[in-house]
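Summary of the model geometry
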Amino acid sequence: MQDSNEGVVLYIVATPIGNLDDMSARAIEVLKRVDLIAAEDTRHSKRLLQHFAVNTQLTSHHDFSSAAEVQKLLDHLASGKSLALISDAGTPLISDPGYQLVSAARSLGVEVLPIPGPSAVIAALSVAGIACDRFRFEGFLPAKSTQRLKRLQALAAESATLVFYESPHRIAASLADFVSVFGADEQRQLFVARELTKKFESHCLGSVAQVADWAEGDTNNTRGEFVLVLSGASVQDAAEQEAGMQRAQEIARLLRADLSLKRAVALAAEIAGVRKNALYALMLQEAD
Ligand code: SAM
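Here we take up the nonpolar core. Residues Phe164, Leu175, Phe178, Phe182, Leu190, Leu228 and Leu279 are the most contacted members of the largest nonpolar core, which totals 38 residues. Taken domain by domain, this core gets at least three of its residues from each of domain 2 (121-233) and domain 3 (236-287). Ignoring any residue separated from it by four or fewer positions in sequence, one finds Leu279 in contact with Met245, Ala248, Gln249, Val265, Ala268, Ala269 and Val274.

A few words on the layout of surface pockets. Space inside the largest pocket adds up to approximately 470 Å³. Surrounding the largest pocket, 23 residues form its lining, Ala89, Ala120, Phe140, Tyr165 and Glu225 being those nearest its centre. Those elements that provide at least two residues to the lining of the largest pocket are strand S7 (161-166) and strand S10 (226-230). Its residues assigned to classes, the lining of the largest pocket comprises 11 nonpolar, 5 polar and 7 charged.

Right, let's talk about the site of the ligand for a bit. Taken together, 19 residues lie around the ligand, and Asp96, Ser119, Ala120, Tyr165 and Phe226 are the ones closest in. In the environment of the ligand, an oxygen atom lies 2.7 Å from a nitrogen or oxygen atom belonging to the side chain of Tyr165. In isolation the ligand has 570 Å² of accessible area, and contact with the protein removes 91% of it. Among the detected pockets, the ligand sits in the largest pocket. In the shell around the ligand, the residues fall into 10 nonpolar, 4 polar and 5 charged.

Turning our attention to the packing of aromatic side chains. One pass over the full model with this rule turns up 4 aromatic pairs. With a centroid separation of 4.9 Å and 70° between ring planes, the pair formed by Phe137 and Tyr165 is classed as edge-to-face. Taken together, the residues span a long stretch of sequence, with Phe137 in strand S6 (residues 135-140) and Tyr165 in strand S7 at a distance of 28 residues. By relative accessible area, which is 29% here, Phe137 ends up partly exposed.

Burial of strand S1 (residues 9-13) is extensive: 5 of the 5 residues sit out of reach of the surface. Of the two faces of S1, the one lined by Val9, Tyr11 and Val13 and the one lined by Leu10 and Ile12 are each fully buried. Bridge count for S1 against strand S5 (residues 111-115) is 5 bridges, and the pairing is parallel. Across the sheet, residue Ile12 finds its bridge partner in S5, namely Pro114. Summarising the sheet, S1 and strand S4 (residues 83-86) pair through 3 bridges and their orientation is parallel. Bridge pairing in S4 places Tyr11 opposite Ala84.

Quick notes on the rules
Residues numbered from 1 in each chain as written. Predicted model: local features only at pLDDT ≥ 70, side-chain atom pairs only at ≥ 80, totals over all residues. Heavy atoms only, no water. Core = buried A, V, L, I, M, F, W, Y, C linked by side-chain atoms within 4.5 Å. Buried < 20%, exposed > 50% of the residue type's maximum accessible area, 1.4 Å probe, protein only. Domains from an automatic or database assignment. Contact = heavy atoms within 4.5 Å. 1 Å grid on protein atoms, 1.4 Å probe; cavity = no way out; pocket = protein on both sides within 12 Å on 5 of 7 lines; lining within 4 Å. Points joined across faces, edges and corners; volume = space filled by probe spheres on them. Helix = DSSP H or I, 4+ residues; strand = E, 2+ residues; numbered from the N terminus. Nonpolar A, V, L, I, M, F, W, Y, C, P; charged D, E, K, R; others polar. Near = heavy atom within 4 Å. Polar contact = N/O pair within 3.5 Å; in protein donor to acceptor, adjacent residues only side chain to side chain. Areas by Shrake-Rupley, 256 points an atom, 1.4 Å probe, with all protein chains shown as cover. Sits in = over half its atoms within 2 Å of the grid points. Phe/Tyr/Trp six-rings, centres within 6.5 Å; stacked < 30°, edge-to-face > 60°. Pairing = 2+ DSSP bridges.

Below, the structure written as C-alpha cells:
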C-alpha cells in the first residue's frame, strides 16, 4: 500500500494502555490498510487486532530482533509496501522497541508517520497536578538498588519534573530509594499513577514519605503498572543540596583514611546534614 500522494510509509501506531476504548479510529483504519504490522508480541497483539477486526498480516519486532530481522522489514518497505509498528501498549519507542527500525527507515528516505494516542507518561503528567511545562522522562530506573540510588542522586538537582516507569516487582524498593534521596525535602511532591485507564486505577499525591507510606499500607497499591512523577528541585534547594553533598564527600574522603567506607559515610552525612544512602552511592562511584 502506498499513501495517496507520498511514497511508502512506516506508521508508528499508538495503542491503548489499558482501556480498549482509547484506540483511535485512525489507528484502526491504518492498521487495516497497511500491508504488514510489526508487533512486539504477536500473540498479545493478535487479541487486540481481533477485537477491532483488523486482519492484516502480523510479524514480530522486539528489542532482541537481529539485524537480519530488521533488514527484512526494511526490504519490505523498500519493495514499496507499507508497514505499521505497534507495541504491547501505548506509544512504540517510548520505553519500547522501534528506535533502530525508525532510524534505519529514515536513513533510507522512508517517510515515518505517527498515529498518536495513549502513552502512560503523558497520561500520568496530565493528571498529576505537578508542573509539567518542563519534564524529564527517565524511563525505567536501574534494577539494582546501588545503581538506582546513583541515578536518583544524579537527578537530585534537576529542576524539571521527573517521570519514571516502574514495574510491580520493584515499586516498593524504588520508593524506599526515593525516600533515601528525596525524603528530607517536604516540599518535593511525588505522584504515583497506578493502572491508568484500567479497572483498578488509583493515584496518590503527596510528599515522598507519604507516598511510600501509601504503598506500604496496602499490598494492592504495589500491584500493576506504575508511573512516578516527581516535582523538580527548586533552584535554591538544588544549589544547597549540591553544596552540602560536596562538603559531605570531602569530609568522607578525609575520614576514609582511618575508617571503613560505611563509617566514614555515616559520620560525614551527619556532619554535613545530607542523606546517608545518597552519599554512600556517590562514594561507591568514586571507589569504582
Ligand atoms: N510504550 C508505553 C507507553 O507509551 O506508555 C510504555 C511501555 S513500557 C514497556 C511499560 C511501562 O509503562 C509499565 O511498566 C509502566 O511503568 C508504564 N505503563 C504502561 N501502561 C500503564 C498503565 N496503564 N498505568 C500505569 N503505567 C503504565
